[in-house]
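# Residue-level structural notes
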Amino acid sequence: MDHSILMVLDEPFPPDIRVENEARSLIGAGFRVTVLSIAPPARGTTQSGEERWNGIDIIRVRIRRQLRNKMRGLVASVPALELFVSHHILRVCRQRHVDVLHMHDLWLFGAGLRASRRLGIPVVGDLHENFTHALTQYAWSTRFPGKWVVNIKRWKKLEKQWMQALGCLICIVQEQQDRVIKLGVPRSRCVLWPNTISVQAFDSYEVDQELVASLRSDFTIVYTGGINLHRGLDTLLKAMPAVLRHCDARLVIVGEGRIRPELEELADSLGIAGRVSFTGWQKLNLIKSYILGADVGVVPHVKSTHTDAGMPHKLFQYLYLKRPAVVSDCIPMQRIVEGNQCGLVFPSGDAGALGEALLTLYHDPELRARMGMNGCKAVVSRYNWDATAQPAIAMYRGLFAAA
């Protein structure tokens, strides 16, 4: 019998590019993969039940977004999400053979461990970010009413307890792995699976030439991804007036998030609203066209314990499409950008320095082209999904060999 992996997440699937890439890699290595998505419906759909999509078996359990968010926020105080998710894991495992549970993100680790005690199978934790520190930066957990109910001290205790109980822990950058080892997770049970891109999948996205043409300006700057406090987009907006004094630049922010209205108000107060576009959420296949319509890509994350232990997927998308990256001095991003000479780094929160970096690239098209080529070469040779997936595949083979 083929070895079977049950991936569990509380976000819609698809789209989730990391989950999709992981599932495809594991299927390609000979494993059977089922994704259990316990989540609100994807935008524009009400689909539930089971389906087979791109070789991946998907089981969907629908739950209202507000209820899911409340249960997620209260995980450290009231184990409602843990009980709810573990119930559905056990239900699935009564219907099909499962050898390993693969839990996506810290707040689901408890549910996986609870179910595993009944099933007698190992749990692999997929640590997408430093969630306990992120709770000190998210708008929902630092503002009323969330700040009154999110127990960060309890979260840190559970984080250590859960991670030490896992069969294996997946980290996305070396800095994250070093951190969890300090929390008592043996190095032998940690594996790196970076948040790189699948070149093959990215190449398959068609380019919307009309969209690309519509974004052109003297100097088009793009940011793609979530909109929240730790993303540093206020710094990017504050950098724009200095850039606009030198050229007819345009900033395109592709994504959605809770603080978008505040950022739109900031753009208006800075007098740059006419040169800033907030596109809202866009389908994954359009992200390629938005990046191709720009001259540079920006990742202005606020430097913190959280962002020093993560790596945004967007960085590798920019680089692969030969767009130089302007990034804040979060350790993993700085290491890649400076080490491969594929962009410029500025001190987190320093709008003046960010503006100077953008103008340096505006005034030097040859530098942009050279850095863009360096970034593409780095992704093709090192920072691509096929290359970075191999240690995790070996980890899974080791788990099954030991069973």
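The structure presented is a predicted model; accordingly, all values stated were derived computationally and were not measured.

Of the two faces of strand S7 (residues 168–171), both are covered, the one formed by Cys168 and Ile170 as well as the one formed by Leu169 and Cys171. Of the pairings in the sheet, the one linking strand S6 (residues 123–126) to S7 comprises three bridges and is parallel in character. Looking at the pairing, Asp126 lines up with Ile170 of S7. By the bridge criterion, three bridges tie S7 to strand S8 (residues 190–192) in an arrangement that is parallel. When the bridges of S8 are listed, Cys171 appears paired with Leu192. Handedness of the β-α-β unit built from S7, helix H9 (residues 174–182) and S8 comes out right-handed.

What follows concerns the environment of Glu20. Position of Glu20 among the secondary structure elements: in helix H1 (residues 17–28). Residues in contact with Glu20, not counting those within four places in the same chain, are Phe13, Trp53, Asn54 and Ile56.

Attention now goes to the sheet that holds strand S13 (residues 325–328). One open sheet holds the six strands; their spatial order is S11-S10-S9-S12-S13-S14, and the pairing between them is parallel. Single-partner strands in this sheet number two, and they are strand S11 (276–280) and strand S14 (343–346). Neighbour to neighbour, the strand axes of the sheet diverge by 20° on average, direction disregarded. Of the strand pairs in this sheet, strand S10 (residues 249–254) and S11 are connected by four bridges, and their pairing is parallel. Following the sheet pairing, Val254 is matched in S11 by Gly280. The strands touched by helix H12 (residues 233–244) are strand S9 (219–224), S10, S11, strand S12 (296–299) and S14; relative to S10, the strand with the most contacts, the crossing angle is about 165°.

Attention now moves to the environment of Val337. Topologically, Val337 is positioned in helix H16 (residues 331–339). A C-alpha to C-alpha distance of 18 Å links Val337 and Gln176, two positions 161 residues apart in sequence. If near-sequence neighbours (up to four positions away) are discounted, Val337 is found in contact with Leu315, Ala325, Val327, Cys342, Gly343, Leu344 and Val345.

This next bit is on the pairing of S13. Note on strand geometry: in a regular strand, side chains alternate between the two faces of the sheet. Burial of the side chains of S13 extends over both faces: Ala325 and Val327 are buried on one face and Val326 and Ser328 on the other. One ladder, built from three bridges, connects S12 with S13; its direction is parallel. By the bridge assignment, Val298 is partnered in S13 with Val326. A crossover links S12 with its parallel partner S13, the connecting element being helix H15 (residues 313–320), and its sense is right-handed. Relative to S14, S13 runs parallel, the two sharing four bridges. Counterpart to Val326 in the pairing with S14 is Leu344. Taken together, S13, H16 and S14 constitute a β-α-β crossover, and its handedness is right-handed.

So, on to the nonpolar core. Grouped together as the largest cluster of nonpolar side chains are 70 residues, with contacts concentrated most on Phe219, Leu237, Ile253, Leu315 and Leu358. Residues in contact with Leu315, not counting those within four places in the same chain, are Ala325, Val327, Met333, Ile336 and Val337. Core analysis: the second largest hydrophobic core is formed by 40 residues, Ile63, Leu106, Phe131 and Cys171 among them.

This brings us to helix H8 (residues 152–165). If you check H8, its first and last C-alpha atoms are 20 Å apart, about what 14 residues at 1.5 Å a residue would give, namely 20 Å. Of the residues making up H8, those classed as buried are Trp155, Leu158, Glu159, Trp162 and Met163. For H8, the angular spread of buried residues about the axis comes to 120°, placing them on one side. In H8, the exposed positions that point more than 90 degrees away from the buried face belong to Lys153 and Lys157.

To continue, consider the pattern of salt bridges. When their charged atoms lie close together, side chains carrying opposite charge are able to pair. Under the defined criterion, the tally for this structure stands at 15 salt bridges. The shortest N-O distance in the salt bridge between Arg60 and Glu51 comes to 2.8 Å. Residue Arg60 is classed as buried on the basis of its relative accessible area of 7%. Linking Arg179 and Glu159 is a salt bridge whose minimum nitrogen-to-oxygen distance equals 2.8 Å. Of this pair, Arg179 sits in helix H9 while Glu159 sits in helix H8, and the two are 20 residues apart along the sequence. A residue is classified by how much of its surface remains accessible, and Glu159, at 3% relative accessible area, is buried.

About the cut-offs
- Residues numbered from 1 in each chain as written.
- Predicted model: local features only at pLDDT ≥ 70, side-chain atom pairs only at ≥ 80, totals over all residues.
- Heavy atoms only, no water.
- Buried < 20%, exposed > 50% of the residue type's maximum accessible area, 1.4 Å probe, protein only.
- Helix = DSSP H or I, 4+ residues; strand = E, 2+ residues; numbered from the N terminus.
- Pairing = 2+ DSSP bridges.
- Right-handed = clockwise from strand over helix to strand, strands pointing away.
- Contact = heavy atoms within 4.5 Å.
- Axes fitted to C-alpha atoms, helices over the stretch in contact; angles between N-to-C directions.
- Core = buried A, V, L, I, M, F, W, Y, C linked by side-chain atoms within 4.5 Å.
- Expected span 1.5 Å × (residues − 1).
- Arc of directions from axis to C-beta.
- Salt bridge = Lys/Arg side-chain N within 4 Å of Asp/Glu carboxyl O.

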